[in-house]
Amino acid sequence: MLYRPLGATGMNVSVLGFGGAEIGYQGADQDTVTRLLNEALDAGLNVIDTAECYRNSEELIGHAVSHRRGDFFLFTKVGHASGIDLPDWDPALIERSIDRSLQRLRTDRVDLVQLHSCDEGTLRRGAVVEALQRAKAAGKTRFIGYSGDSVAAEWAVRSGHFDTLQTSVSLADQEALELTLPTCVKKNIGVIAKRP
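Anyway, here's the lowdown on the structure attached to this text. (Residues numbered from 1 in each chain as written. Predicted model: local features only at pLDDT ≥ 70, side-chain atom pairs only at ≥ 80, totals over all residues. Heavy atoms only, no water.)

**Quick word on the pattern of salt bridges**
A side chain with one charge may pair with a side chain of the opposite charge, provided their charged atoms come close. Here the structure, examined in full by the defined rule, presents 13 salt bridges. When the shortest N-O distance is used, the salt bridge between Arg68 and Asp71 registers 2.9 Å. Given a relative accessible area of 17%, Arg68 falls into the buried group. Taken together, the shared-partner salt bridges connect Asp42, Arg68 and Asp71 into one network. (Salt bridge = Lys/Arg side-chain N within 4 Å of Asp/Glu carboxyl O. Buried < 20%, exposed > 50% of the residue type's maximum accessible area, 1.4 Å probe, protein only.)

**Quick word on the packing of helix H2 (residues 30–42) against helix H3 (residues 57–65)**
Interhelical geometry of H2 versus H3 gives an angle of 60° and a closest axis separation of 9 Å. What the angle tells us is that H2 and H3 run oblique. In this structure, H2 meets H3 at a crossing whose hand is right-handed. For the pair H2 and H3, contact is made by Gln30, Val33, Thr34, Leu37, Asn38 and Leu41 and by Glu59, Leu60, Ile61, His63, Ala64 and Val65, respectively. Grouping the constituent residues of the contact of H2 with H3 by class yields seven nonpolar, four polar and one charged. (Axes fitted to C-alpha atoms, helices over the stretch in contact; angles between N-to-C directions. Helix = DSSP H or I, 4+ residues; strand = E, 2+ residues; numbered from the N terminus. Parallel < 35°, antiparallel > 145°, perpendicular 65-115°, else oblique. Left-handed = near helix turned anticlockwise from the far one by under 90°. Contact = heavy atoms within 4.5 Å. Nonpolar A, V, L, I, M, F, W, Y, C, P; charged D, E, K, R; others polar.)

**Notes on the side chain of Ser147**
Residue position: Ser147 is located in strand E7 (residues 141–147). Accessibility expressed as a relative area gives 0% for Ser147, which makes it buried. Leave out the neighbours within four places in its chain, and Ser147 touches Lys77, Gln114, Leu115, His116, Ser117, Gln166 and Lys194.

**A closer look at the side chain of Thr122**
You can see Thr122 is positioned in helix H5 (residues 120–125). Thr122 sits in the buried class, given a relative accessible area of 8%. Here the side chain of Thr122 touches Asp119 through a polar contact of 2.9 Å, side chain to side chain. If we ignore the near neighbours within four places in the chain, the residues touching Thr122 are Trp89 and Val128. (Polar contact = N/O pair within 3.5 Å; in protein donor to acceptor, adjacent residues only side chain to side chain.)

**Some thoughts on the sheet that holds strand E4 (residues 47–49)**
Across the sheet, which stays open at both edges, the seven strands sit in the order E3-E4-E5-E6-E7-E8-E9 with parallel pairing between neighbours. Bordering the open sheet on either side are strand E3 (18–19) and strand E9 (190–194), each of which pairs with just one other strand. The strands touched by helix H4 (residues 91–105) within the sheet are strand E5 (73–78) and strand E6 (110–116), with E5 carrying the most contacts at an inclination of about 145°. The strands touched by helix H6 (residues 127–137) are E5, E6 and E7; relative to E7, the strand with the most contacts, the crossing angle is about 160°. (Pairing = 2+ DSSP bridges.)

**Focus on the nonpolar core**
Counting 41 residues, the largest nonpolar core has Ile48, Leu115, Leu123, Leu132, Tyr146 and Phe162 as its most contacted members. Mapped by element, the contributors of at least two residues to this core are H2, H3, E5, H4, E6, H6, E7 and helix H7 (150–159). Those residues within four positions of Tyr146 in sequence are excluded, and the remaining contacts are Gln114, Leu115, Ser117, Cys118, Leu123, Ala152, Ala153, Ala156, Phe162, Thr164, Leu165 and Gln166. In this structure, Val13, Leu112, Phe143 and Ile192 belong to the second largest nonpolar core, which totals nine residues. (Core = buried A, V, L, I, M, F, W, Y, C linked by side-chain atoms within 4.5 Å.)

**Concerning the pairing of E5**
For a regular strand, side chains alternate in direction, first toward one face of the sheet and then toward the other. Within E5, six of the six residues are buried, which leaves the element mostly enclosed by the surrounding structure. With three bridges joining them, E4 and E5 adopt parallel strand pairing. Bridge pairing in E5 places Asp49 opposite Phe75. Between the parallel elements E4 and E5, the chain passes through H3 in a crossover that is right-handed. With four bridges connecting them, E5 and E6 associate as parallel partners. Following the sheet pairing, Phe75 is matched in E6 by Leu112. (Right-handed = clockwise from strand over helix to strand, strands pointing away.)

Put into structure tokens, the structure is as follows:
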């Protein structure tokens, strides 16, 4: 397995990570997820990324590998109500969602919490960023990031608030190559490729 530094975070991450969306959306059973994740960790993968809105993905991951918490970096994403009776992007929702994610993942902290594709206007108003900063100050996450694309991602990387950017980049989607990645390189912001 190859590893690379994730920006200025100090995390030396495997070039391949595990994205938790499909295990939730496809209704994977616990035995399959437990076997899959433990074999992936044994093979050297050290990044697991999920989100509060990926159905039961966080619970499946927590049950499967929480006993190996020191063996991998754990990332999640927030911003969508997903069963909490508050509007998307409400700062109180974000705080409650982080606490719920920690319970589901069976841990007292994650390595990265990311805003899950909120729009530029919401980012500029600042309340969602402040909610993540409070979680970081409380020790619930080590780092904060933005997951998204286009002009919102551009604003996020230029803002100076985020340690990482998770963005779409592939042969079919190359907008980030000019719009955001050069700024990430200049500012030493870690980049996570989604939808590769």
